[in-house]
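Report on the structure
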Amino acid sequence: MAITTEPVAYVRGTPIAEQPPPLLARGWVAWVRENLFSSVGNTILTLIALYIIYLVVPPAIRFFFLDAVWTGSDREACLAANVGREVGACWAYVDAKFSYFVYGSYPWDERWRVDIVFVLGAIGIAWLLWLDAPKRNLGALYFFVIFPVVAFILLRGWTAVGLERVDTSLWGGILVTLVVSIVGIVVSLPLGVLLALGRRSRLPLVRLASVIFIEVVRGVPLITVLFMANTMLPLFLPGNMSPDRLLRPLVGVALFASAYMAEVVRGGLQAIPKGQYEGAMSLGLGYWRMMRLIILPQALRIVIPGIVNTFIGLFKDTTLVSIVGIFDLIKTVEVTLVDPTWATPVTRLTGYAFAGLFYFICCYGMSRYSLAVERRLAAGQKR
């Protein structure tokens, strides 16, 4: 049988050019199909969510932006009878009261001191949060040692350096909210770590004291802790000493947050394998060096979401200090609502919307930063 060498007609000599995937398998159409309409249940939930968005978002946009009043000198600018149309948010009221929302009743001529504290605090926070910043150890020294002393002198005043004394009863607004939250966050983390280590200690007295403190504080609401700090703290001091009225809720908030922080850190400590402890001890490391160099860095990395969640909860709980007469942001908003100059049907909602926006920006910022830190620390753990 003869073998032919002629080319076969149905065999291609070159590969076929690549074709794009079907439309339903790529791009935003594929994403929508996979995530929103992948099943009957998901389709129903998506339609319900879209209907809720339709009911909420357009009216909110119309109220807060399209029908809002942005300029004005008094309530007349935010009354529908004077404007001739439906009136939305009265942002002119926020603009008129903005300085009070930030400083409270802090003396007008001394508010430059608060501005300097804000700038110095922002520098310290940026220095610490920037993971690639140079000399971060100096940044920690600046934020935890130098900044608190300078901020206290500027805000409180010191006649020896020519700064007029300003009583804390005049502090208010965003200033008080930031002071309470930052002090609570800075104090609660190291105190919570010590309490977590104490609860796992082999010394019965230390373990019992830590357990009692954590369970008692976690077993009562924050309002109770604030009332106890406000009324009972002076009883533990000599008769001629009376703690400042702002210091009392600061102590209560810090102790309350540290109890919750202790349980978060304890969860991270329990997640560390026993081999890490044995390996550290085999190297001859003592207890505190083992905790500082080996155990705590791993434990804190594991519980970053829990730590940030506690920080966010603490930041929002600062609104409760108004119960004991401290003028935080929410309290200053409520005080301005009784001003007849801006008494309109939309003033209350506008004021609370401004406060809510402030809390959302701060809490969302903390959440996003924690996610970035988690990704960076987990980069070396990916397989």
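Residues numbered from 1 in each chain as written. Predicted model: local features only at pLDDT ≥ 70, side-chain atom pairs only at ≥ 80, totals over all residues. Heavy atoms only, no water.

**What about the overall build of the chain?**
Along its length, the chain carries 15 helices and zero strands. For the chain, whose C-alpha radius of gyration is 29 Å, the value lies well above the compact-globule estimate of 21 Å for 383 residues. When the backbone C-alpha atoms are referred to their principal axes, the chain occupies close to 120 × 80 × 40 Å. Excluding contacts between residues fewer than 6 apart, the proportion of contacts in the chain whose partners are at least 24 apart in sequence is 66%. Total accessible area on the chain is roughly 23200 Å²; 68% of this is exposed by carbon and sulfur atoms. Put simply, the chain has 33 plus and 23 minus side-chain charges, and the middle of one group is 12 Å from the middle of the other. (Helix = DSSP H or I, 4+ residues; strand = E, 2+ residues; numbered from the N terminus. Rg over C-alpha atoms; globule rule 2.2 N^0.38 Å. Contact = heavy atoms within 4.5 Å. Areas by Shrake-Rupley, 256 points an atom, 1.4 Å probe, with all protein chains shown as cover. Lys, Arg positive; Asp, Glu negative; His and termini not counted. Charge placed at Lys NZ, Arg CZ, Asp CG, Glu CD.)

**So, the nonpolar core**
Ranked by internal contacts, the top residues of the largest apolar core, which has 85 residues, are Tyr-93, Phe-101, Tyr-106, Leu-155, Trp-171, Leu-269 and Leu-329. Once residues lying within four places of it in the same chain are set aside, the contact partners of Leu-329 are Phe-101, Gly-173, Ile-174, Thr-177, Phe-354, Ala-355, Phe-358 and Tyr-359. (Core = buried A, V, L, I, M, F, W, Y, C linked by side-chain atoms within 4.5 Å. Buried < 20%, exposed > 50% of the residue type's maximum accessible area, 1.4 Å probe, protein only.)

**Some thoughts on empty space enclosed by the protein**
This structure, assessed with the given rule, holds one cavity of 30 Å³ or more. The computed volume of the largest cavity comes to approximately 40 Å³. Thr-168, Ser-169, Trp-171, Val-176, Arg-245, Leu-246, Ile-326 and Phe-327 are the residues that line the largest cavity. (1 Å grid on protein atoms, 1.4 Å probe; cavity = no way out; pocket = protein on both sides within 12 Å on 5 of 7 lines; lining within 4 Å. Points joined across faces, edges and corners; volume = space filled by probe spheres on them.)

**Some remarks on the state of the cysteines**
Under the criterion given, the structure shown has one disulfide. For Cys-78, the disulfide goes to Cys-90, at an S-S distance of 1.9 Å. Every disulfide takes its handedness from the sign of the S-S torsion; for Cys-78 and Cys-90 that torsion is 65°, giving right-handed. With Cys-78 in the loop between α2 (40-66) and α3 (80-83) and Cys-90 in the loop between α3 and α4 (91-103), this pair connects stretches of sequence that are 12 residues apart. Considered together, Cys-78 and Cys-90 belong to a single accessibility category, that of buried residues. The structure places no disulfide on Cys-362, whose sulfur is separated from the nearest cysteine sulfur, that of Cys-363, by 6.7 Å. (Disulfide = S-S within 2.5 Å.)

**Thoughts on the packing of α4 against helix α15 (residues 347-378)**
Their axes nearest at 10 Å, the elements α4 and α15 cross at an angle of 50°. Between α4 and α15, the crossing angle belongs to the class labelled oblique. Judged by the twist between their axes, the crossing of α4 over α15 is right-handed. For the pair formed by α4 and α15, the contact residues are Trp-91, Tyr-93, Val-94, Phe-98 and Phe-101 on the first element and Thr-347, Thr-350, Gly-351, Ala-353 and Phe-354 on the second. Split by residue class, the contact of α4 with α15 holds seven nonpolar, three polar and no charged. (Axes fitted to C-alpha atoms, helices over the stretch in contact; angles between N-to-C directions. Parallel < 35°, antiparallel > 145°, perpendicular 65-115°, else oblique. Left-handed = near helix turned anticlockwise from the far one by under 90°. Nonpolar A, V, L, I, M, F, W, Y, C, P; charged D, E, K, R; others polar.)

**Here's the deal with the confidence of the model for the chain**
A residue-level look at the chain finds 94% of positions with pLDDT of 70 or above and a mean pLDDT of 89. Helix α1 (residues 27-35) is the least confidently modelled element of the chain, averaging 78 in pLDDT, while α4 averages 95, the highest of any element. (pLDDT = per-residue confidence, 0-100.)

**Things to note about the packing of helix α7 (residues 174-199) against helix α13 (residues 304-317)**
In the contact formed by α7 and α13, the axes pass within 9 Å of each other and the chain directions differ by 150°. Taken together, α7 and α13 sit at an angle that is classed as roughly antiparallel. Relative to α13, the crossing made by α7 is right-handed. In this structure, α7 contributes Thr-177, Leu-178, Ser-181, Gly-184, Ile-185, Ser-188 and Leu-189 to the contact, and α13 contributes Ile-307, Phe-311, Leu-314 and Phe-315. Split into classes, the residues belonging to the contact of α7 with α13 amount to seven nonpolar, four polar and no charged.

**Quick word on the packing of aromatic side chains**
In the structure shown here, the tally under the stated rule is 17 aromatic pairs. Ring geometry for Phe-63 against Phe-64: centres 5.0 Å apart, planes inclined by 90°, an arrangement best described as edge-to-face. Geometrically, the ring pair formed by Phe-143 and Phe-144 is edge-to-face, given 5.2 Å between the ring centres and 85° between the ring planes. The exposure class of Phe-143 is buried, given its relative accessible area of 8%. By relative accessible area, Phe-144 is classed as partly exposed at 44%. Through a chain of ring-to-ring contacts, three or more aromatic side chains come together here, namely Tyr-93, Phe-98, Phe-101, Trp-342 and Phe-354. (Phe/Tyr/Trp six-rings, centres within 6.5 Å; stacked < 30°, edge-to-face > 60°.)

**Observations concerning the environment of Ser-39**
In this fold, Ser-39 is placed in the loop between α1 and α2. With 106 residues separating them in the primary sequence, Ser-39 and Val-145 have C-alpha atoms 57 Å apart.

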